[in-house]
Amino acid sequence: MCGIVCYVGPRDTKSVLIEGLKQLEYRGYDSAGIAVQHGNQIACHRAVGKIVELEKKLAGLDITGESGIAHTRWATHGAPTEENAHPHRDEKENVFVIHNGIIENYHTLRKRLQQEGVHFRSETDTEVLAHLIAHYYDGSLSEAVRKTMGQVEGTFGIAVIHRNEPGRVVVARRGSPLIIGLSDGSRFAASDVSAMVRYTNQVIHLQDNELAVLTKDDVSISTAQAVSVKRDVETVEWRGEDIELSGFPHFMLKEIYEQPNTIENAMRGRLEPAEGVPKLGGIMPVWDRLKDCRHLVIVACGTSFYAGCVGRYVFEKLTEIDVQVELASEFRYRKLNFPHNTFILALSQSGETADTLAAIKEAKRKGASLLGIVNVVGSSIARETDAGVYNHAGPEIGVASTKIFTSQLTILTLLALLLGRHQNLSLTDGVEAIRALKQVPEQIKAIFAQANHIEAIAENYYHCSNWLFLGRKYNYPIAMEGALKLKEISYIHAEGYPAGEMKHGPIALVNPEMPTVAIVPQDDMYEKMISNIQEVKSRRGPVIAIATQGDAKIRELVDEVIEVPPTLSFLNPLLTVIPCQLLAYYCAKFLNRDIDQPRNLAKSVTVE
Ligand code: M6R
């Protein structure tokens, strides 16, 4: 969704800001803008559409300055027009502000300001901030921002410059991430560390209701109540090359191919093969309560939710824990009634998904303990939870989540194994599970060897406008995830169904024009899946099977087979999802879609 980049220092401010915005493109946006300050001159330019449109406007202009702010906007209040794009400014064009989040009382504030004679230029909620800051300005930008923070309700990450305060950027947050970057003689701030990782890995995570004043060699942080605070400088593990394509045509394909590594990273230093027990240092702060937990609620959205759905089956297999999986956007409106010692486990790549964050805050209010499996270190969900496990998978840039899904499955399996071994799971089963898990990265490479075959299948079927994905038990969530991947990047309509439900409705759709992807590894659901495939075939529906290597029987039945190596039944999803990701990728490629930034979607969904 919206993205913020700020810079103060001796570099070419315009280039730093534009490069930073490009690193945030993956978050999804529909307009962009920049304001660069030199002395008491501020050059502000905005454009609808991609950053390249903004660059066209800037071409040939001599824009230099010692500080600046830049923004990508994903429209919420008002259409994606130039006037609604950020930065917004006050009437005298002294104050320029960019904003992520939503000002909930903007309507009241706008009316009040209008009654005082203020003229608004845009339909946005953000513009009230510019007028309020100008109104409160009395020689100190930070004090004007602080007073404005006291007036607004809702969420914000903001960055502000003032004509009278060259070389200074004031940032503040409540509910929207803001990270400050430090390098020699330069200060950065951004909503996402990827915008600055090219220049520095030394960061400070600004906390809610804090404000920071950035100058080229200083950062001073204080609370909304003007109490000065010291925050530790942290080192981020993401590297410059993590945000490069490194020869791949798309980040999605790069991230699919990173999975053997990201699964290794999820396990690194966390296995004790001889004991059949994983070690998860991040959950130790709550271990005394967690080890006796009998009720776990997993909350998440989108692909993370489907990882949670696989997790439920894995926990049921390995532990005595009763697991519930909930869509965060619904969970928070339910009557929450937890048994004693319930743990809530949030799954989130970004750690900023508004619904997931709100759901865990609500659960905390009701007395539950919170765990997180999160990729972005220091993110809001990571900070809100009592304990948790990081994915260590590097940034996921493609809007379609791939490597984080398999990383989440790996960590969920480790967590289930750890708890299972403290309950009834035997040493033999624990050792066997770890042995099989360690084989997964190499097994995924064996699936990659079929990439040309998967591409050829996609070429045969990408013209079909409806697809069905079927699976049972561990692979039912993979059917849903396969359908989600296909629809979000190719815009083909797809349904993911538990195969047993097919007869209760979706079978009416089956015809020679609708391919069915049947996820049918040789597990305890195999024979039942074969019956479902026969039902599709007898209605002349084409079937693409994702099946276990060497399965001769399936070849007699279906139109296409993609093989996955044999593994333990509860680990199959780590393998069966890979062909689904590649099928979606190649269909989108044949349809010439914008694979890394599909229409209407945002990588980090920070509004409800
Ligand atoms: O950052 P999160 O894991 O919390 O994001 C949840 C969903 O928004 C995300 O998985 C979304 O569904 C992806 N676009 C799926 O590919």
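Right above here is the structure, for reference.
All values reported here derive from a predicted model rather than from experimental measurement.

What counts and what doesn't
- Residues numbered from 1 in each chain as written.
- Predicted model: local features only at pLDDT ≥ 70, side-chain atom pairs only at ≥ 80, totals over all residues.
- Heavy atoms only, no water.
- Helix = DSSP H or I, 4+ residues; strand = E, 2+ residues; numbered from the N terminus.
- Rg over C-alpha atoms; globule rule 2.2 N^0.38 Å.
- Buried < 20%, exposed > 50% of the residue type's maximum accessible area, 1.4 Å probe, protein only.
- Contact = heavy atoms within 4.5 Å.
- Axes fitted to C-alpha atoms, helices over the stretch in contact; angles between N-to-C directions.
- Parallel < 35°, antiparallel > 145°, perpendicular 65-115°, else oblique.
- Left-handed = near helix turned anticlockwise from the far one by under 90°.
- Nonpolar A, V, L, I, M, F, W, Y, C, P; charged D, E, K, R; others polar.
- Pairing = 2+ DSSP bridges.
- Phe/Tyr/Trp six-rings, centres within 6.5 Å; stacked < 30°, edge-to-face > 60°.
- Lys NZ or Arg CZ within 6 Å of the ring centre and 35° of its normal.

Asks: How would you sum up the overall build of the chain? Please name residues and give values.
Replies: For the chain, the helix and strand inventory stands at 19 helices and 27 strands. Here the C-alpha radius of gyration of the chain, 25 Å, is about what a compact globule of 608 residues would show, namely 25 Å. In the chain, buried positions account for 62% of the 608 residues. Of all intrachain contacts in the chain linking residues separated by at least 6 positions in sequence, the fraction that spans at least 24 positions is 72%.

Asks: Quick rundown of unusual backbone geometry? Include the residues and the values.
Replies: A cis geometry characterises the amide bond from His-86 onward to Pro-87, with omega recorded as 0 degrees. Within the element layout of this structure, Pro-87 appears in the loop between β4 (67-73) and β5 (88-89). Positive phi, normally seen in glycine, also occurs at Ser-246, with a value near 45 degrees.

Asks: Residues and numbers for the packing of helix α15 (residues 451-461) against helix α19 (residues 572-590), please.
Replies: When two helices pack together, their arrangement is given by the angle between the helix axes and the distance between those axes. α19 packs onto α15 with a crossing angle of 50 degrees between their chain directions and a minimal axis gap of 8 Å. For the element pair α15 / α19, the angle class is oblique. The chirality of how α15 crosses α19 is right-handed. Contacts between α15 and α19 involve Ala-451, Ile-454, Glu-455, Ile-457, Ala-458 and Glu-459 from the former and Pro-579, Leu-582, Leu-583, Tyr-586, Cys-587, Lys-589 and Phe-590 from the latter. Class assignment for the residues of the contact of α15 with α19 results in 10 nonpolar, no polar and 3 charged.

Asks: Help me get a handle on the sheet that holds strand β13 (residues 218-223), residues and values and all.
Replies: In space, the 7 strands of this open sheet follow the order β5-β6-β7-β8-β12-β13-β14, with antiparallel pairing throughout. Sheet topology places β5 and β14 (228-229) at the edges, where each strand pairs with a single neighbour. As paired elements, β13 and β14 share 2 bridges and run antiparallel to each other. Of the residues in β14, the one forming a bridge with Ile-221 is Val-229. The strands that helix α4 (residues 127-136) touches are β5, β6 (95-100) and β7 (156-162); relative to β6, the one it contacts most, it runs at about 140 degrees. Contacting β7, β8 (169-174), β12 (210-215) and β13, helix α5 (residues 141-149) runs over the sheet at an angle of about 20 degrees to β8.

Asks: With reference to specific residues and values, describe the packing of aromatic side chains.
Replies: On inspection of all chains with the given rule, the structure shows 10 aromatic pairs. Pairwise contacts between aromatic rings join Tyr-7, Phe-188 and Tyr-199 into one cluster. Between the NZ or CZ atom of Arg-599 and the centre of the ring of Tyr-491, over which it lies, the distance is 3.9 Å.

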